[in-house]
Amino acid sequence: MRRTVPLVLVGAMASLAIGGCDTTVDHRGFAATPGAVEKLEVGAQSREDVIRLVGTPTAVATFNPNVWYYISQQQETYAFFKPEITEQHVIQLTFNDAGRLTTQGFGPDR
């Protein structure tokens, strides 16, 4: 009887420790209102219209302020391991010198 009690305790402790190692999911970056990106119209909207509709960009191109990027990521972390990016979306918007939307592009994973 003495040997079974410690084995049961060890089994219970191990199951609690393993159960505590749940995957954590983090969403980072751009989060558009549903349907907002679909309302973008090439040639019809200005920079101000785009900001009102989908928000400020995540990044602006270093050498061309007419190129805006909206970036979102999903990261998963398991226990103490390094976080892993499981999903990433990039939307690129380009404006002409007059400030009108000229192109709209999505990253390769969309």
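See the structure above.
Residues numbered from 1 in each chain as written. Predicted model: local features only at pLDDT ≥ 70, side-chain atom pairs only at ≥ 80, totals over all residues. Heavy atoms only, no water.

Novice: I would appreciate a short explanation of unusual backbone geometry in the present structure.
Specialist: The phi torsion of most residues other than glycine is negative, and most of the peptide bonds are trans. With a phi close to 55°, A79 is a non-glycine residue in the positive phi region. Within the secondary structure, A79 sits in the loop between β3 (67-78) and β4 (84-95). The exposure class assigned to A79 is partly exposed, which follows from its relative accessible area of 32%. (Helix = DSSP H or I, 4+ residues; strand = E, 2+ residues; numbered from the N terminus. Buried < 20%, exposed > 50% of the residue type's maximum accessible area, 1.4 Å probe, protein only.)

Novice: Is there a simple way to explain the pattern of salt bridges in this structure?
Specialist: Side chains bearing opposite charge may pair, as long as their charged atoms lie close to each other. Within the structure shown, the criterion is met by two salt bridges. The partner of R28 in a salt bridge is D26, with the nearest N and O atoms 3.7 Å apart. Look at R28 and you get partly exposed, because its relative accessible area is 44%. Between D49 and R52 there is a salt bridge; the shortest N-O distance is 2.6 Å. Residue D49 and its partner R52 are located together in helix α2 (residues 47-54), separated by three residues, close to a single helical turn. (Salt bridge = Lys/Arg side-chain N within 4 Å of Asp/Glu carboxyl O.)

Novice: What is the right way to read the side chain of S72 from this model?
Specialist: When you line up the elements, S72 lands in strand β3. Given a relative accessible area of 15%, S72 falls into the buried group. Beyond its immediate chain neighbours, meaning those up to four positions away, S72 contacts R28, G29, F30, E87, Q88 and H89. (Contact = heavy atoms within 4.5 Å.)

Novice: Hey, could you run me through the packing of aromatic side chains in this one?
Specialist: Given two aromatic rings, their pairing is described by the distance between the two centres and the angle made by the two planes. Considering all chains together, one arrives at four aromatic pairs under this definition. Where Y78 meets F81, the ring centres are 6.1 Å apart and the plane angle is 10°; that geometry is what we call stacked. (Phe/Tyr/Trp six-rings, centres within 6.5 Å; stacked < 30°, edge-to-face > 60°.)

Novice: Would you explain the pairing of β4 in this entry?
Specialist: Each regular strand shows side chains that alternate between the opposite faces of the sheet. Strand direction decides the pairing type here: β3 and β4, joined by 10 bridges, are antiparallel. Counterpart to Y70 in the pairing with β4 is I91. Bridge count between β4 and strand β5 (residues 101-106): five bridges; the pairing is antiparallel. Within β5, the position partnered with Q92 by the bridge is G105. Counted along the chain from β4 to the antiparallel partner β5, the turn is five residues long, and its residue G99 has a positive phi close to 90°. (Pairing = 2+ DSSP bridges.)

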